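# Survey of secondary and tertiary structure
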Amino acid sequence: MELPILETLRFLSFWRLALLSIGLFQFCRTIYFFSRWVYVYFIRSPKCLLHYGKWAIVTGAAKGIGKAVAVEMARKGLNLVLVDRELELLKEVASEIKAEEPRVEILTVDFDLNGDIGDGVRRLGMAIEGLDVGVLVNNAGVSYRVPMFLHEVGEEMFRELEKVNLTSLTEITQLVLGMMVKKKKGAIVNLGSGSASVTPSYPMFAVYTATKGYVDQLSRCLHVEYKNFGIDIQCQVPLFVVTEMVPDKKENFFNPMPEQYAPPVLRAIGYGCSVIPYWRQSFQNYLSTFCLVPIFNENLLYAALRRRAYYPVD
Ligand SMILES: NC(=O)c1ccc[n+]([C@@H]2O[C@H](COP(=O)([O-])OP(=O)(O)OC[C@H]3O[C@@H](n4cnc5c(N)ncnc54)[C@H](OP(=O)(O)O)[C@@H]3O)[C@@H](O)[C@H]2O)c1
């Protein structure tokens, strides 16, 4: 006796059968992607960061995401090399961490990434010589204080974006990779941005966005280049996180405080080459795919112009 469903299918026309198959395929695909998403954000175990090495370097560690990531790494038992341009602030962060995690060793390196990069890299190299560095977080970054048209971006800002977001990140990565290649393990996290990796454009932040596009693509290439050396390199893509970089953003369902954002950063290390670590922002990104690109772009432009009205260009 045949199953009633097979009997019904036999009487369907070719086109109806084809449409049904496509629908079924799409349904299975959606179930697969949803299950994978749930697995990645809620079930998958994070990698043991100590397996990469005992020390982690975090740049831009005095504030914002960098500071929160450093605190979280100390909680996992990693010793820290904190890099930023304000030594006093770095020392304060180091004592805060020490007070919470007394067993962790902390070194501070004052390095102005917008200054003499060669000298800074040399001093960082001396500070980490002989240490078992397992993780590097290239977090330091700069953006414009207010949205600007390209012709308004001054020479000084332009150079700062280039030196902090591109040159120093690349040179510090080069320095640390040399050590990681020798021991055949390590993890490097480069902080990108949703403006470059998620949205179709990010008007009035063009140069900043382009620097983050560089970070994303650099990470994708290095991910492939160094995989066989046992080194996991990735670009992590924040959307908005409430820090000094985005003074007009308030905490809400999609915009976390750095302390909320840091644990997902650690959970994602070692998985994938370009990732949105925070589940709510991954969901936000999914929702944004329903918006038509020209409408999305217009909205971003008007949001930038509105923001500029509150924070006029100097
Ligand atoms: N917050 C967001 O919504 C968001 C969104 C997308 C991507 N990101 C990326 O996430 C990363 C961290 O951003 P954040 O929001 O935490 O920013 P933040 O609060 O401004 O912190 C950035 C840190 O980097 C340091 N830094 C800046 N210029 C430096 C220099 N020349 N030399 C040494 N250190 C320097 C800053 O020190 P000073 O305070 O002394 O400048 C600060 O400690 C950045 O790469 C940013 O592009 C952030």
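Everything discussed here concerns the structure shown above.
## Quick look at the overall build of the chain
Within the chain one finds 11 helices and seven strands. For the chain, the C-alpha atoms occupy an extent of roughly 80 × 50 × 35 Å along the three principal directions. Classification of the 314 residues of the chain by burial places 35% in the buried group. The long-range fraction of contacts in the chain, counting pairs at least 24 apart against all pairs at least 6 apart in sequence, stands at 71%.

## Comments concerning the pairing of strand 2 (residues 79-84)
Judged by how many residues are buried, strand 2 sits mostly within the fold: six of six residues are covered. With burial as the criterion, each face of strand 2 is covered, one bearing N79, V81 and V83 and the other bearing L80, L82 and D84. Bridge count between strand 1 (residues 55-59) and strand 2: five bridges; the pairing is parallel. Bridge pairing in strand 2 links I57 to V81. Handedness of the β-α-β unit built from strand 1, helix 3 (residues 64-75) and strand 2 comes out right-handed. The pairing of strand 2 with strand 3 (residues 106-110) spans five bridges and is classified as parallel. Bridging from a neighbouring strand, V81 pairs with L107 of strand 3. Handedness of the strand 2-helix 4 (residues 87-100)-strand 3 crossover: right-handed.

## Things to note about unusual backbone geometry
With a phi close to 60°, K184 is a non-glycine residue in the positive phi region. Looking at the element boundaries, K184 is found in the loop between helix 6 (155-183) and strand 5 (186-191).

## Remarks on the nonpolar core
By size, the foremost hydrophobic cluster in this structure holds 67 residues, and its most contacted members are V58, A70, L80 and L82. For this core, the leading source of residues is helix 3, giving seven residues. Excluding residues that lie within four positions of it along the chain, L82 makes contacts with V58, A61, A70, L90, V93, A94, I106 and T108.

## Re the packing of helix 6 against helix 8 (residues 206-226)
Two elements in contact, helix 6 and helix 8, have axes whose closest approach is 9 Å; the angle formed by their N-to-C orientations is 15°. Classified by the angle between their axes, helix 6 and helix 8 sit roughly parallel to one another. Between helix 6 and helix 8 lies a crossing of right-handed hand. The residues of helix 8 that touch helix 6, namely those facing F158, L161, N165, L166, L169, T170 and L177, are V207, Y208, T211, Y214, V215, L218 and Y226. Of the residues in the contact of helix 6 with helix 8, the class split is 11 nonpolar, three polar and no charged.

## Considerations on the site of the ligand
Neighbouring the ligand are 28 residues, the closest being G60, G64, L113, G141 and T243. Take the shell around the ligand: its biggest share by element is three residues, from helix 3.

## Description of helix 6
Taking 1.5 Å as the rise per residue, helix 6 with 29 residues should run 42 Å; its terminal C-alpha atoms sit 41 Å apart, in good agreement. The sharpest bend along helix 6 measures roughly 35° and falls at K163. What helix 6 keeps buried is the set L161, V164, N165, S168, L169, I172, V176 and M180. Residues of helix 6 that are buried sit in contact with strand 1, helix 5 (117-128), strand 4 (133-138), strand 5, helix 8 and strand 6 (231-236). One or two residues past the end of helix 6 sits K184, with phi positive at roughly 60°.

## Section: the sheet that holds strand 7 (residues 274-275)
Taken in spatial order, the seven strands of this open sheet run 3-2-1-4-5-6-7, and their pairing is parallel. Of all strands in the sheet, those with a lone pairing partner are strand 3 and strand 7, marking the two edges. In the sheet, strand 4 pairs with strand 5 via four bridges, with the strands oriented parallel. Considered in strand 5, the bridge of L136 is made with I188. Those strands touched by helix 3 are strand 1, strand 2, strand 4 and strand 5, and its axis lies near 170° from that of strand 1. Contacting strand 1, strand 4, strand 5 and strand 6, helix 6 runs over the sheet at an angle of about 170° to strand 4.

## A closer look at helix 9 (residues 258-268)
Every buried residue belonging to helix 9 is among P258, Y261, A262, P264, V265, L266 and A268, and all of these are buried. Lining the buried residues of helix 9 we find helix 3, strand 6 and strand 7. Directly after helix 9, the chain includes G270, whose backbone phi takes a positive value near 90°.

## A word on the environment of R44
Looking at the secondary structure, you find R44 in the loop between helix 2 (14-43) and strand 1. The partly exposed category is assigned to R44, around which 13 C-beta atoms lie within 10 Å. Along the primary structure R44 and R267 are separated by 223 residues, whereas in three dimensions their C-alpha atoms are 8.7 Å apart.

Calculation notes
- Residues numbered from 1 in each chain as written.
- Predicted model: local features only at pLDDT ≥ 70, side-chain atom pairs only at ≥ 80, totals over all residues.
- Helix = DSSP H or I, 4+ residues; strand = E, 2+ residues; numbered from the N terminus.
- Buried ≥ 20, exposed ≤ 12 C-beta atoms within 10 Å, placed from the backbone.
- Contact = placed C-beta atoms within 7 Å.
- Pairing = 2+ DSSP bridges.
- Right-handed = clockwise from strand over helix to strand, strands pointing away.
- Core = buried A, V, L, I, M, F, W, Y, C linked by C-beta atoms within 7 Å.
- Axes fitted to C-alpha atoms, helices over the stretch in contact; angles between N-to-C directions.
- Parallel < 35°, antiparallel > 145°, perpendicular 65-115°, else oblique.
- Left-handed = near helix turned anticlockwise from the far one by under 90°.
- Nonpolar A, V, L, I, M, F, W, Y, C, P; charged D, E, K, R; others polar.
- Near = placed C-beta within 6 Å.
- Expected span 1.5 Å × (residues − 1).
- Bend = angle between axes of the 7 residues up to and from the residue.

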